Amino acid sequence: MFGSATLDVIIGIIFIFMLVSIICSCIREGIEAFLKTRSAYLEAGIRELLNDKDGTGLAKAFYTHPLIHSLFAKQYKPGKASEKISFLQKGTGLPSYIPAKNFALTLMDIAARGRETDEVSGHPQSPIISIEGIRNNIQNLDNPYVQRAVLTALDASQGNLELAQKKLQDWYDSAMDRVSGWYKRATSWIIFGIGLAVAIIFNINTITIANYLYKDAGARKALVARAESAAKDTSYNSKRYNEAVETLNEINLPIGWENGAYAGTHTIKALDGTTLVDPKQTSGAWNGFFKILLGWLLTAFAAMVGAPVWFDLLNKVMVIRATVKPHEKSPEEGSEDWQKPKTPFGGSLTGPTGINERGIAPLPTAPPQQPQTNNSPNIRDRDADLDSCHVPKGDPTPDEDLPEAKGGVQ
């Protein structure tokens, strides 16, 4: 079982990881607001779904349809036709999200009324969106790949238009799950790069911080108090960039470049009072390079996990700490079985009858002896209670209070 010091170090490290994750997530959102990478990933996913890699056929008709074009202000400009999108792909002003219902209705309308939005497609006598209308005009899509998918949805719906729409929505949602996977993987690596840059710029070395917390009980206690307060705030993992950076600056930890890469954890005091780096603790390939690099990499990998995950883990470790601390303050009491009175033959008394669990009644015990009084002149006089020799003179005793006479002529 972890000791309290080790557990407190873990809590402190988790709290630092949560702050770093918040900082990196805020930076990532700032980059996303500028590049609009989500829209680029979505447009690439729709081009792949509609089997139009260049974006000049059905994908263009899709984005120029009124139900889709109303979601963005600019003209449709297809992205690059490359098979793989770069992590920092810049969007072209397209929407970052398209509802599945809009996708299904747009595709059904194009199949029934054609690609172009003109007087013919907008005329009251144009074909209605129905099972028969879509099937009879399916070639308006001019895309055998999508035509077959739409016909499959129509056949599976067995004449129910709403069910056919639902089938197309499910098809779109399954494709968007893949797009979300692409974007999440790209975001994870982007945050890793941001985390590594933050770890180097702020010199946030996980190994150095852990060693410092383990040796300094005061810093450990203060950091755990902050972590405990943060765990009670359900909105803590949604803090802003400035708030997270301010918290890091307020914490008295070896973070920053004031004392170099070792941040004061491997320092010694010189005779003149100045602080110097201990050469014994910083020499060699491990202490001089790999230890620093590994500490930065751990911080960067922690940023990839995300602040919500670290927040949940912090609450769980806090629960563990709450159960460990009382055991350290006071030892556990023995169980009731060990505290029951024992009989001469073993076992404990159970119930009012005095029969123990072995079915044996206990031997009678002598009544407790009364404490000796200091009225008797002689403690060896065993007949003092009979002859009342212990009664002081001048203190007559009434006849009814005298002890009963016993015995006779022996």
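The structure presented is a predicted model; accordingly, all values stated were derived computationally and were not measured.

Thoughts on the overall build of the protein
Then step 1. Across its full length, the protein holds 16 helices and 4 strands.
Then step 2. Counting the 410 residues in the protein, one finds 38% classified as buried.
Then step 3. Accessible surface for the protein amounts to roughly 25400 Å². Of this, 55% is attributable to carbon and sulfur atoms.

With respect to the packing of helix H1 (residues 4-35) against helix H10 (residues 217-231)
Then step 1. Where H1 meets H10, the closest approach of the two axes is 9 Å, and the angle between their N-to-C directions is 55 degrees. Here H1 is positioned oblique relative to H10, judged by the angle of their axes. H1 and H10 meet at a crossing whose hand is left-handed. Between H1 and H10, the contacting residues are Ala5, Asp8, Val9, Ile11, Gly12, Phe15, Ile16 and Met18 on the first element and Arg220, Leu223, Val224, Arg226, Ala227 and Ala230 on the second.

Digging into the nonpolar core
Then step 1. Ranked by internal contacts, the top residues of the largest apolar core, which has 44 residues, are Phe15, Ile16, Met18 and Leu253.
Then step 2. When residues of this core are traced back to their parent elements, those giving at least two are H1, helix H8 (161-201), helix H9 (206-215), H10, helix H11 (241-250), helix H13 (284-305) and helix H14 (307-329).
Then step 3. A total of 14 residues in this core trace back to one element, the largest contributor, which is H1.
Then step 4. Counting 42 residues, the second largest nonpolar core, distinct from the first, contains Met108, Ala111, Leu154 and Val179.

With respect to the environment of Val9
Then step 1. Tracing the sequence through the fold places Val9 in helix H1.
Then step 2. Separated by 215 residues in the primary sequence, Val9 and Val224 have C-alpha atoms spaced 8.2 Å apart.
Then step 3. For Val9, the contacting residues outside a window of four places in its chain are Ala210, Leu213, Tyr214 and Arg220.

Side note on helix H7 (residues 144-157)
The periodicity of an α-helix, 3.6 residues per turn, causes residues three or four places apart in sequence to face the same way.
Then step 1. The terminal C-alpha atoms of H7 lie 20 Å apart, and with 14 residues this matches the ideal 20 Å at 1.5 Å per residue to within 8%.
Then step 2. Residues Val146, Gln147, Val150, Ala153, Leu154 and Ser157 constitute the buried set of H7. Looking straight down H7, one finds that the buried residues subtend no more than 125 degrees of arc, so they occupy a single side. When the buried face of H7 is taken as reference, the exposed residues oriented beyond 90 degrees from it are Pro144 and Arg148.

Quick look at the confidence of the model for the protein
Then step 1. Predicted confidence across the protein gives a mean pLDDT of 79, with 70% of residues reaching 70 or more.
Then step 2. Low confidence marks residues 373-380, where pLDDT is under 50. Its contacts with residues over four positions away, or in another chain, come to 5 contacts.

Here's the deal with the packing of aromatic side chains
Then step 1. This structure, assessed with the given rule, holds 12 aromatic pairs.
Then step 2. Each ring, one from Phe17 and one from Trp310, has its centre 5.0 Å from the other, and the planes form 50 degrees; the classification is tilted. Of this pair, Phe17 sits in helix H1 while Trp310 is found in helix H14, placing the two residues 293 residues apart along the sequence.
Then step 3. Judged by its relative accessible area of 10%, Phe17 falls in the buried class.
Then step 4. Relative to Phe301, the ring of Phe192 lies with its centre 4.8 Å away and its plane at 40 degrees, an arrangement referred to as tilted. Of this pair, Phe192 sits in helix H8 while Phe301 is found in helix H13, placing the two residues 109 residues apart along the sequence.
Then step 5. On the basis of relative accessible area, Phe301 is assigned to the partly exposed category, the value being 44%.
Then step 6. Aromatic ring contacts, followed pair by pair, group Phe62, Tyr63, Phe72, Tyr76, Phe103, Trp171 and Tyr172 into a single cluster.
Then step 7. Taking NZ or CZ as reference, Lys90 lies 4.7 Å from the ring centre of Phe34, over its face.

Rules of the game
- Throughout this document, residue positions are counted from 1 along each chain, in the order its sequence is written.
- Reporting in this predicted model follows two pLDDT cut-offs: at least 70 for local features of residues, and 80 or more for side-chain atom pairs to be given and counted; totals over whole chains, interfaces and linings ignore these cut-offs and use all residues.
- Side-chain numbers here rest on the full set of heavy atoms in the structure, without hydrogens or water.
- A helix here means a DSSP run of H or I that spans at least four residues, while a strand means a run of E at least two residues long, and both kinds are numbered starting from the N terminus.
- Relative accessibility decides the category of a residue: with a 1.4 Å probe and only protein chains considered, values under 20% of the type maximum give buried, values over 50% give exposed, and everything between is partly exposed.
- Using a 1.4 Å probe, accessible areas were evaluated by the Shrake-Rupley method; residue-level cover was limited to the displayed protein chains.
- Lines fitted to C-alpha atoms define the axes, with helix axes restricted to the stretch in contact, and inter-axis angles between N-to-C directions lie between 0 and 180 degrees.
- By the definition adopted for this analysis, an angle is roughly parallel if under 35 degrees, roughly antiparallel if over 145, roughly perpendicular if from 65 to 115, and oblique otherwise.
- Note on convention: the crossing is left-handed when the near helix lies turned anticlockwise from the far helix by less than a right angle, right-handed when the turn is clockwise.
- Here, residues are in contact when the closest pair of their heavy atoms is within 4.5 Å.
- For the purposes of this section, nonpolar cores are sets of buried Ala, Val, Leu, Ile, Met, Phe, Trp, Tyr and Cys residues that join through side-chain atoms within 4.5 Å.
- Expected span, for any helix, means 1.5 Å times one less than how many residues it has.
- To be clear, the arc concerns the directions from the helix axis to the C-beta atoms.
- Confidence of the predictor at the level of single residues is captured by pLDDT, which takes values from 0 to 100.
- Pairing of aromatic side chains here covers Phe, Tyr and the six-membered ring of Trp, requires ring centres within 6.5 Å, and sorts the geometry by plane angle: under 30 degrees stacked, over 60 edge-to-face, intermediate tilted.
- Two limits define a charge over a ring: the Lys NZ or Arg CZ must be within 6 Å of the ring centre, and within 35 degrees of the ring normal.

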